[in-house]
Amino acid sequence: MRVVDIITKKRDNLPLSREEIHFIIDGYVKGEIPDYQVSALLMAICFNGLNNEEQINLTMEMLESGESIGLSSINGICVDKHSTGGVGDKTTLVFAPIVAACGLKVAKMSGRGLGHTGGTLDKLESIPGFNISVSSEAFLKQVSDVGIAVIGQTANITPADKKLYALRDVTGTVDSIGLIASSIMSKKLASGASRILLDVKVGEGAFMKTLKEARKLAHSMVNIGNSLGRNTVAVLTNMNEPLGKMVGNSLEVIEAIETLKGNGPKAFTKLCYELAAQMLLMTNICKTRDDAIKLVKQKISSGEALNKLREMINAQGGNAKVIEDYSLLPMAKHKEAIVSRTSGYVSDINAEKIGLAGMMLGSGRENKNDVIDLGVGVEINKAVGDYVNKGEPLVTLYYNNKGRAAAEALVYEAYKIETEAVKKDDIILDIVR
């Protein structure tokens, strides 16, 4: 078998066999196949795509290139949720405690933020003392005892995906539905959960800009998961404006805590409740959506969901007093309102530009090794559909020593204001089973 023949085959839009995909992945991980040949194959895949069988086979090869987390020792139903990334997306910090309070076991590996999208690990590390690097034994014990643990991805999980992703990032081959779906699902399958819920973001602040693209990705991932024996559902959600009111690590932790206290922004709260309800339906804890939403609200009003977050913070070495005292979290030195230059209705907020504004202040990374400022960010004062008077705050910037002017310019680019009232899109766009 020769690599060049496999490249030529995919260039000619012919499907690759499991043996051919294994040959490429195994050889690349072992260092026997050079970057330039794999780059050529990735580009051919970008142009011609991968059919369902190829996607499943690629996922399996990446999964089998490393270790999987065995959750069989945990007494209960192990579940996982994955977001494709967005601006202000602190959903895991609310979703996971809710479903854990309902008796499910959340064994979650999360990532860091890159570019305009935030990462759950960075948000958690804004909590003083919180440790995202725990041993496998401690991870499994915490999931068993507490019902929830969120850690960083271990080095031995899907090494093939790590190598391929790094190569895709520098060869213009990130935007391929088949490659994205296989990459995400290989990691989700390796995490060991029997039920996987996917939050697929759609819009200007997401990687999938259109509903058509997002629906295609969702169907691919759901097909991979279900074909490989995991109950998988995808919820398509609106990312045409930032999620919630806060963008920035410690700011988003505060908003998540407030949501668990029952005080979250309306659209963000609706999303968290819907995701939790879908997981309760997937695990047969509830038979109808109405019953699931009712149970979610009970766990919020009783304080049980908030207490699960407290237990997780304590178990992972963090200072759980942040739940009552937000001053314990990193805070920016400066706070400044950016006001509207005109009056009218907010018709659009480009979420990507708001995310970039936060990044200019230091809340995100341009490169993977950048050190971020955990206390800075952007507060959304006027959302899509709101009326704003000239001179009223559009956003509030929280900043320290960099990026204020650049962030302000991006805010004005992000906001569109019109004289006529606009209809606000729903946060939930579709559900793919």
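Refer to the preceding data block for the structure.
This is a predicted model, so every value here is computed, not measured. (Residues numbered from 1 in each chain as written. Predicted model: local features only at pLDDT ≥ 70, side-chain atom pairs only at ≥ 80, totals over all residues. Heavy atoms only, no water.)

**Description of the overall build of the chain**
When helices and strands are tallied, the chain shows 16 helices and 13 strands. Here the C-alpha atoms of the chain give a radius of gyration of 22 Å, agreeing with the 22 Å that 2.2 N^0.38 yields for 433 residues. C-alpha extents for the chain along the principal axes are approximately 65 × 45 × 40 Å. Taken over 433 residues, the chain has a buried fraction of 56%. Taking the intrachain contacts of the chain between residues at least 6 apart in sequence as the baseline, contacts between residues at least 24 apart amount to 78%. Each charge class in the chain can be summarised by its mean position, and for the 51 positive and 51 negative side chains these summaries are 3 Å apart. (Helix = DSSP H or I, 4+ residues; strand = E, 2+ residues; numbered from the N terminus. Rg over C-alpha atoms; globule rule 2.2 N^0.38 Å. Buried < 20%, exposed > 50% of the residue type's maximum accessible area, 1.4 Å probe, protein only. Contact = heavy atoms within 4.5 Å. Lys, Arg positive; Asp, Glu negative; His and termini not counted. Charge placed at Lys NZ, Arg CZ, Asp CG, Glu CD.)

**A look at helix α5 (residues 92-101)**
In terms of burial, α5 is a largely internal element, ten of the ten residues being buried. Within α5, the full set of buried residues consists of Thr 92, Leu 93, Val 94, Phe 95, Ala 96, Pro 97, Ile 98, Val 99, Ala 100 and Ala 101. Following α5 by one or two positions, Gly 103 adopts a phi angle in the positive range, close to 100°.

**Digging into the layout of surface pockets**
In this approach, a probe sized like a water molecule rolls over the atoms, and the result shows the empty space that is left. Here the second largest pocket is characterised by a volume of approximately 510 Å³. Lining the second largest pocket are 22 residues, and of these Glu 241, Ala 267, Ala 383, Lys 424 and Asp 425 sit closest to its centre. Broken down by element, the residue count for the lining of the second largest pocket peaks at four residues, all from helix α12 (residues 266-282). Along the lines of polarity and charge, the residues of the lining of the second largest pocket split into nine nonpolar, four polar and nine charged. (1 Å grid on protein atoms, 1.4 Å probe; cavity = no way out; pocket = protein on both sides within 12 Å on 5 of 7 lines; lining within 4 Å. Points joined across faces, edges and corners; volume = space filled by probe spheres on them. Nonpolar A, V, L, I, M, F, W, Y, C, P; charged D, E, K, R; others polar.)

**A closer look at the pairing of strand β4 (residues 195-202)**
A large share of β4 lies buried, amounting to eight of its eight residues. When β4 meets strand β5 (residues 231-238), the two strands line up parallel, connected through eight bridges. Bridge assignment links Leu 197 to a residue of β5, and that residue is Val 233. For the handedness criterion, the β-α-β arrangement of β4, helix α10 (residues 211-227) and β5 is classed as right-handed. (Pairing = 2+ DSSP bridges. Right-handed = clockwise from strand over helix to strand, strands pointing away.)

**Digging into the packing of helix α4 (residues 52-64) against α10**
Between α4 and α10, the least distance of the axes is 10 Å, while the angle of their chain directions is 65°. α4 and α10 meet at a crossing whose hand is right-handed. Counting all contacts with α4, which are made through Asn 52, Gln 55, Ile 56 and Thr 59, the residues of α10 involved are Ser 220, Asn 223, Ile 224 and Ser 227. (Axes fitted to C-alpha atoms, helices over the stretch in contact; angles between N-to-C directions. Left-handed = near helix turned anticlockwise from the far one by under 90°.)

**What about the sheet that holds strand β12 (residues 415-418)?**
Across a sheet, paired strands are connected by hydrogen bonds in the backbone, their directions being either parallel or antiparallel. Taken in spatial order, the three strands line up as β10-β8-β12 in an open sheet, and their pairing is antiparallel. In this open sheet, the two edge strands, each paired with only one partner strand, are β10 (387-388) and β12. Here four bridges tie strand β8 (residues 344-349) to β12, and the two strands are oriented antiparallel to one another. Bridge assignment links Tyr 345 to a residue of β12, and that residue is Glu 418.

**As for the state of the cysteines**
Enumeration over the complete set of coordinates arrives at zero disulfides. The thiol of Cys 102 is unpaired, and the distance to the nearest cysteine sulfur, on Cys 286, comes to 6.9 Å. Owing to a relative accessible area of 14%, Cys 102 belongs among the buried residues under this scheme. (Disulfide = S-S within 2.5 Å.)

**Quick notes on empty space enclosed by the protein**
Counted under the stated rule, the structure contains four cavities of 30 Å³ or more. A volume near 120 Å³ is recorded for the second largest cavity. Around the second largest cavity, the lining residues are Leu 16, Ile 21, Ile 24, Ile 25, Val 38, Leu 41, Leu 42, Ile 45, Leu 50, Leu 58, Leu 164 and Leu 179. Looking at the lining of the second largest cavity, the elements that each hand over two or more residues are α2 (18-29) and α3 (35-48).

**Remarks on the nonpolar core**
Judged by nonpolar contacts, the single largest core of 86 residues is most densely connected at Ile 98, Ile 354, Val 378, Val 395, Leu 397 and Tyr 415. Of all the elements, α12 adds the most residues to this core, at ten residues. Judged by nonpolar contacts, the second largest core, of 36 residues, contains Phe 139, Ile 180, Val 202 and Met 221. (Core = buried A, V, L, I, M, F, W, Y, C linked by side-chain atoms within 4.5 Å.)

**Remarks on the packing of aromatic side chains**
Applying the stated criterion across every chain yields a total of one aromatic pair. Here the aromatic rings of Tyr 345 and Tyr 387 are separated by 5.0 Å at their centres, their planes lie at 75°, and the arrangement is edge-to-face. With a gap of 42 residues between them, Tyr 345 in strand β8 and Tyr 387 in strand β10 connect regions that are remote in the sequence. Stacked on the ring of Phe 268, the Lys or Arg Lys 90 has its end atom at 5.0 Å from the ring centre. When the ring centre of Tyr 28 is taken as origin, the NZ or CZ atom of Lys 163, which lies over that ring, is 4.3 Å away. (Phe/Tyr/Trp six-rings, centres within 6.5 Å; stacked < 30°, edge-to-face > 60°. Lys NZ or Arg CZ within 6 Å of the ring centre and 35° of its normal.)

**Overview of the sheet that holds strand β2 (residues 105-110)**
An order of β3-β2-β1-β4-β5-β13 is seen for the six strands of this open sheet, with the pairing classed as mixed. Two strands bound the open sheet, and with one partner strand each, they are β3 (148-152) and β13 (428-432). Pairs of neighbouring strands in the sheet enclose a mean axial angle of 20°, with direction left out of account. As paired strands, strand β1 (residues 78-83) and β2 are joined by two bridges and run parallel to one another. What sits directly across from Cys 78, in β2, is Lys 105.

**Things to note about the pattern of salt bridges**
By the definition in use, this model includes 28 salt bridges. The salt bridge involving Lys 9 is made with Glu 20; its shortest N-O contact spans 3.0 Å. With Lys 9 in helix α1 (residues 3-11) and Glu 20 in helix α2, this residue pair connects regions lying eleven residues apart in the sequence. Under the relative-accessibility criterion, Glu 20 is labelled buried at 13%. A salt bridge links Glu 311 to Lys 308; the shortest N-O distance between them is 3.7 Å. Here Glu 311 and its partner Lys 308 are both found in helix α14 (residues 304-315), three residues apart, which amounts to about one turn of the helix. The exposure class assigned to Glu 311 is partly exposed, which follows from its relative accessible area of 26%. Overall, the relative accessible area of 16% leaves Lys 308 in the buried class. Here the residues in one salt-bridge network are Arg 18, Glu 61 and Glu 64, joined through shared partners. (Salt bridge = Lys/Arg side-chain N within 4 Å of Asp/Glu carboxyl O.)

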